[in-house]
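What follows is the residue order along each chain.
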Amino acid sequence: MNRRRALLALGGFGLTGASAWVLQNGVGETGDGLPIRVETMDAPGSSAGNARVPADGTVTVVDLFATWCAPCEEQMHALGTVREEYGDEVSMVSVTNERMGGSLTRGDVRDWWRDNDGEWTLGLDPASDLMSALGAGSIPHVAVFDAAGEVRWQEGGLTDAATLRTEIDRALREQ
Amino acid sequence: MNRRDYLRTATAVGLAGSVAGCTGLLDGDGNPNVTLGEPDREVDASSEDLPYPAWGQKVPDVSVPVPLEDRTVSLRSIDKASLVTFFYSHCNTVCPVLISAMRNIQTHSLNEGYADEVAFFPTTFDPARDDADRFRAYADEMNVDTDAGNWHFLRPESKDRAKAVVQEQFGVRFDRTEPEDMDMYMFAHSALTFLVNADGYVERAYRSKSPDADQIISDLEDIRT
């Protein structure tokens, strides 16, 4: 047994499970540097410019996604459902940390958005500032902010509509 | 004068012994082989104590095939800054995040005009399933630009070779698992991404399942020649 292997055996370090979709990285320091501004894209339900995350004075649902992430497509269903139910009562933004360029264009992101029935604000976070601020170690990752801008709830992995409703209602009630 | 030229000059005129006395001129906390300083570590350990090639150590002396280019690359002979990580394409959890971070760095290199100064070596530890065709499809799925010329998927020839290279040489442990809810095998594995300088020394070993692409971009900028 060589040195490296001996150390591996001793340490047994850092094995990660393989059957779940999610990285359970543990949510680190939360809320650092929030709110931040993200660039927004011209797409269904969204216009080019920038947006404050979380939005000012309303409950905000933040969804972190990427176009290569299959569960993120599924996440869009729950988000769309909730969006229809709450309308303008709740602000919603989906943000990708993918860097535009190379073989990924804004058109590709827009296509993904259309294909998955996005109809709310679509943002870009190429430096992963928002991911860092939320302490997100995986995607999909959904966070619910109250109207005062505090994170009330967040979780990595797929979130269903029922959970989202519960957390949004709580944030609305306690605002 | 860049670091390597400086060192060449220093060595050529026999100044090597005096370098220790003027480390202020060099980064790397006195280690002449690396540019970045010793990383802050959570535990009090030196690079020699760690089960993987760490700061200041030479990248393992291994050669691994590049299926999409019909060649084999010797990791020590790469003469530019490079990033090496380990993955398998059927992975649903850690690997797409590792590859996505690397892809975002590749895109930064393309956008900022330094694509030819850096090379990316994502290395599979699942050679049974990850072949050239699979790599092509995976690159497409992950929006990797394989035409850029700086992205090179590596594939050890066999399962045994993968153990020898990935686990024993790079300290990235992986164990095959048979999840009950899936009809295929997966792996439990650790996550490491290495930043290697143009001289073949490890500048950083990022032990993260979701590497901070901006941090790596910044470290990369410091060591690019």
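Structure's up top.
Residues numbered from 1 in each chain as written. Chains lettered and ligands numbered in written order. Predicted model: local features only at pLDDT ≥ 70, side-chain atom pairs only at ≥ 80, totals over all residues. Heavy atoms only, no water.

> A description of the overall build of chain A should follow, citing residues and the corresponding values.
Counting its regular elements, chain A contains five helices and seven strands. N-terminal to C-terminal, the α/β element order of chain A is α-β-β-β-α-β-α-β-α-β-β-α. Burial statistics for chain A: of 175 residues in total, 51% are counted as buried. Taking the intrachain contacts of chain A between residues at least 6 apart in sequence as the baseline, contacts between residues at least 24 apart amount to 69%. By element, 44% of the accessible surface of chain A is carried by carbon and sulfur atoms, the whole surface being about 7,700 Å². (Helix = DSSP H or I, 4+ residues; strand = E, 2+ residues; numbered from the N terminus. Buried < 20%, exposed > 50% of the residue type's maximum accessible area, 1.4 Å probe, protein only. Contact = heavy atoms within 4.5 Å. Areas by Shrake-Rupley, 256 points an atom, 1.4 Å probe, with all protein chains shown as cover.)

> Can you explain the environment of Trp55 of chain B? Please cite residues and give values.
Residue and element names in this part refer to chain B. Looking at the secondary structure, you find Trp55 in the loop between α2 (16-19) and β1 (63-66). Classification of Trp55 by relative accessible area gives buried; the value is 9%. Sequence separation between Trp55 and Arg204 is 149 residues; the distance between their C-alpha atoms is 5.4 Å. A distance of 2.8 Å separates a polar side-chain atom of Trp55 from the backbone oxygen of Leu36. (Polar contact = N/O pair within 3.5 Å; in protein donor to acceptor, adjacent residues only side chain to side chain.)

> Which residues make up the layout of surface pockets, and what values do they have?
Residues and elements named next belong to chain B. Its boundaries defined by the atoms lining it, the largest pocket holds a volume of some 690 Å³. Lining the largest pocket are 20 residues, with Asp40, Glu42, Ala205, Tyr206 and Arg207 positioned closest to its centre. For the lining of the largest pocket, the secondary structure elements donating two or more residues are β8 (202-206) and α6 (213-223). Each residue belonging to the lining of the largest pocket can be placed in one class, and the counts come to 10 nonpolar, three polar and seven charged. (1 Å grid on protein atoms, 1.4 Å probe; cavity = no way out; pocket = protein on both sides within 12 Å on 5 of 7 lines; lining within 4 Å. Points joined across faces, edges and corners; volume = space filled by probe spheres on them. Nonpolar A, V, L, I, M, F, W, Y, C, P; charged D, E, K, R; others polar.)

> Describe the pattern of salt bridges, naming the residues involved and giving the relevant values.
Counted according to the given criterion, the structure contains 18 salt bridges over all chains. Among the ionic pairs, Asp214 of chain B bridges to Arg99 of chain A, the shortest N-O distance being 3.4 Å. Taken together, the residues Asp214 of chain B in helix α6 and Arg99 of chain A in the loop between β4 (90-96) and α3 (106-115) connect one chain to another. Of the residues examined, Asp214 of chain B reaches a relative accessible area of 31% and is grouped as partly exposed. Exposure remark for Arg99 of chain A: the relative accessible area of 11% places this residue in the buried category. With a closest N to O distance of 3.9 Å, Lys163 of chain B and Asp175 of chain B form a salt bridge. Residue Lys163 of chain B is found in helix α5 (residues 159-169), and its partner Asp175 of chain B is found in strand β5 (residues 174-177); the two are separated by 12 residues along the sequence. One salt-bridge network, held together by shared partners, links Asp146, Arg152 and Glu174 of chain A. (Salt bridge = Lys/Arg side-chain N within 4 Å of Asp/Glu carboxyl O.)

> Before we move on, could you go through unusual backbone geometry and cite the residues and values that matter?
Residues and elements named next belong to chain A. A cis amide bond, omega -5 degrees, links Val53 with the succeeding residue Pro54. With respect to the helices and strands, the residue Pro54 is situated in the loop between β2 (49-53) and β3 (59-65). Cis geometry marks the peptide bond from Ile139 to Pro140, where omega comes out at 0 degrees. Relative to the helices and strands, Pro140 resides in the loop between α4 (129-134) and β6 (141-145). With a phi angle near 60 degrees, Asp117 is a residue other than glycine that sits in the positive phi range. Summarising the element assignment, Asp117 is placed in the loop between α3 and β5 (121-124). Judged by its relative accessible area of 54%, Asp117 falls in the exposed class.

> For the state of the cysteines, give the residues involved together with the corresponding values.
Residues and elements named next belong to chain A. Here the structure, examined in full by the defined rule, presents one disulfide over all chains. Across a sulfur-sulfur distance of 2.2 Å, Cys69 and Cys72 are joined as a disulfide pair. Judged by the sign of its S-S torsion, about 80 degrees, the cystine formed by Cys69 and Cys72 is right-handed. What makes Cys72 buried here is its relative accessible area of 2%. (Disulfide = S-S within 2.5 Å.)

> Break down helix α3 (residues 94-111) of chain B for me, citing the residues and quoting the values.
Residues and elements named next belong to chain B. Relative to the 26 Å expected for 18 residues at 1.5 Å per residue, α3 spans 26 Å between its end C-alpha atoms, a close match to the ideal helical length. Most of α3 is tucked away: 16 of the 18 residues are buried. Gly113 sits one or two residues past α3 and shows a positive phi near 80 degrees. (Expected span 1.5 Å × (residues − 1).)

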